[in-house]
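Each chain is listed here by its residues.
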Amino acid sequence: MKFNLLEVYDSIAEIESTFDVDALELDGVNVWIPLRGMMLIKPFVDHRGHTYREVLGDQALVKPMSAGRPMPELGPDEVDVEFRQAGGMTCFRTSAADVPADLDLLFFHAFQDYGESDGQGCYNRIADSVLELYGKPERCAKLVRATPDSLRARFTHTPWRYAQEMNGGRPSPPVPGEDRLFGELEHIVAHCEERGFAIEYQPEYIRHRLRTMLWQAEQFQGLLEEWRPRVVVQSSIANTERMAMIIAARRAGVTSVDVEHGFMGYLSAYGRLGCVPASGWASLPDYFWVWGEESARLLRRSLGDAAAVHRPVLGGKPEQQLAPSEVSVASGTVPDALHRMRAETKRVALFCWQPDMLVHEEAGSLLPSALEAAIRADPDTLWLIRLHPRSRHVIPKVERHLAGIGHANFEVDLATNEPLSALIDFSDAVLTSYSTVAFEANEQRRPVIIIDEVGEAMMEDYLERGVFSAGVDGPSLIAALDACIGRPVEHSDYISRDPECHRDAFRTVLGEY
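Everything quoted here is computed from the prediction, not taken from an experiment. (Residues numbered from 1 in each chain as written. Predicted model: local features only at pLDDT ≥ 70, side-chain atom pairs only at ≥ 80, totals over all residues. Heavy atoms only, no water.)

(A) View of the pairing of strand β13 (residues 311-314). Bridge count between strand β12 (residues 287-290) and β13: four bridges; the pairing is parallel. The partner of Trp289 across the bridge, within β13, is Val313. Chirality of the crossover, the property in question, places the unit of β12, helix α9 (residues 293-303) and β13 among those that are right-handed. (Pairing = 2+ DSSP bridges. Helix = DSSP H or I, 4+ residues; strand = E, 2+ residues; numbered from the N terminus. Right-handed = clockwise from strand over helix to strand, strands pointing away.)

As structure tokens, this is what we get:
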């Protein structure tokens, strides 16, 4: 079966308009968001994985710490692990300082979530940026899902950790109301099968995942009641463990915040939330920290009346807020090798590759058909192919593929590993499907071209307003390049330039700052 995210979310929209998904509850918690992931998005994820192996002979995404620089590790005499109980959970730490009661901010994340290594230490680019912005380290802590790798790692900011197998691997206890819930799900499954929607229904798998999520929420609640943070922060609701923390926070009377990590288009966990009632759901956070007014607008449109309960709050892009005065990086900071290559060509096009692009078209392919056709037809352009940070291991495959079609003016390794802002500044145009790179390029006043139909659907607003242009086949892509270079760029305030907006966000979620 060949399908893409457009078809997945169209089927989700029909189900949400046909069935009362607000009634799908367990233990007082609406579970539709994780259910639609397990039943309707999982077939797409499986299809994507199959295509990765078919096209690459490998997976397209690996753990961030495996794809980039080597993970800095602690020396044998630096390990200082102390076990203790907190809220009924076995926690352990690598710092002499205890977690103070009555914290302001507790940031919860897994070791690999948005993880990076700068050669000196491992860090979480979202969590560490938010806590550094807050500027009161004694009032903050990080709670990290532990792994063997995390226990060996040298961190830029020492985290707190808790054991990954919180229940020792034992099955989580049953939850009252399971049979009623699965009876409702069978009606949804029958409807999907009748309509020909891709759906995967594994009752025991779903039962286990939901039980585990609610059991984790109970454990997190005990921890929050002991540590008493004012706010729990995380990034991305599309994960049952992070959702468990949101549920725990609501039950413990703690404010919860989800920090934007990427484009909040409608083909995402944030884009089809019209099924949420005005009273809200316990599985969604109190606040969505967004990068700018555009994200706030998209979320309000998605949530409808529920936006009064799950409120967008403008805090800016955390890592950028740390240095808000200068967004662009001078083109001279890119390696001399790229400048030499540019001297031999008429223009530079930076293409930012996302693994999902392998399955955006009917036949799986390493590069989008529009891009490959344009590369074949336009040897006078220097094509910079920037892979996803978790796909750096694919660099040799892409280089061999481009060499195989007889093109010489391309660069993959430097385009993937050099600072993005410098590469954007160096390029004449940026090409993507629906990556947030599009908005970073727009912020640096570089034209953006959307190169496939999934991107066209996601970026429809911006295409209609002339912020971006599109070229979904070879000739139209080259025509779009010809047309956009040298022309003024319509600016969209997707990323706030207000150096004080994060302070306003902290005041909103904390009540004072």
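(B) Representation of the packing of aromatic side chains. Taken as a whole and assessed by the stated rule, the structure comprises 13 aromatic pairs. Plain terms: the ring middles of Phe263 and Phe439 are 5.3 Å apart, the flat faces sit at 35° to each other, and that makes the pair tilted. Separated by 176 residues along the polypeptide, Phe263 in the loop between β11 (255-259) and β12 and Phe439 in helix α16 (residues 437-443) bring together distant segments of the chain. An angle of 65° between the planes, with centres 6.3 Å apart, marks the rings of Phe263 and Tyr462 as edge-to-face. Of this pair, Phe263 sits in the loop between β11 and β12 while Tyr462 sits in helix α18 (residues 460-464); the two residues are 199 residues apart in sequence, bridging distant segments of the chain. There is no split in this pair, since Phe263 and Tyr462 are both buried. Cluster of aromatic residues (ring-pair linked, three or more members): Phe263, Trp291, Phe439, Tyr462, Phe468 and Tyr494. The ring centre of Phe182 lies 4.4 Å from the NZ or CZ of Arg207, which sits over that ring. (Phe/Tyr/Trp six-rings, centres within 6.5 Å; stacked < 30°, edge-to-face > 60°. Buried < 20%, exposed > 50% of the residue type's maximum accessible area, 1.4 Å probe, protein only. Lys NZ or Arg CZ within 6 Å of the ring centre and 35° of its normal.)

(C) Molecular detail of the pattern of salt bridges. Within the structure shown, the criterion is met by 35 salt bridges. A salt bridge links Asp104 to Arg230; its shortest N-O distance comes to 3.2 Å. Taken as a pair, Asp104 in the loop between β4 (89-93) and β5 (105-110) and Arg230 in the loop between α7 (203-227) and β10 (231-234) lie far apart in primary sequence, 126 residues in all. The exposure class of Asp104 is buried, given its relative accessible area of 6%. (Salt bridge = Lys/Arg side-chain N within 4 Å of Asp/Glu carboxyl O.)

(D) Representation of the nonpolar core within the structure. Trp32 and Leu35 are the most contacted members of the largest nonpolar core, which totals 110 residues. Excluding residues within four positions of it along the chain, Leu35 makes contact with Leu24, Leu40, Leu181, Leu185, Ile206 and Leu210. With 32 residues, the next largest nonpolar core counts Ala349, Trp353, Ala374 and Trp383 among its residues. (Core = buried A, V, L, I, M, F, W, Y, C linked by side-chain atoms within 4.5 Å. Contact = heavy atoms within 4.5 Å.)

(E) The arrangement of the packing of helix α1 (residues 5-18) against helix α6 (residues 178-195) in detail. Put simply, α1 and α6 touch, their axes get as near as 11 Å, and they point 130° apart. Judged by the inter-axis angle, α1 sits oblique to α6. For the pair α1 and α6, the crossing hand works out as right-handed. On α6, the residues that touch Glu14, Ile15 and Thr18 of α1 are Ile188, His191, Cys192 and Arg195. (Axes fitted to C-alpha atoms, helices over the stretch in contact; angles between N-to-C directions. Parallel < 35°, antiparallel > 145°, perpendicular 65-115°, else oblique. Left-handed = near helix turned anticlockwise from the far one by under 90°.)

(F) The arrangement of the sheet that holds strand β14 (residues 347-352) in detail. Taking strand neighbours across the sheet as the criterion, the six strands line up as β16-β15-β14-β17-β18-β19 in an open arrangement whose pairing is parallel. The open sheet is flanked by β16 (410-411) and β19 (469-470), the only strands paired with a single partner. Examined bridge by bridge, β14 and strand β15 (residues 381-386) share six bridges and lie parallel to one another. By the bridge assignment for β15, Ala349 is matched with Trp383.

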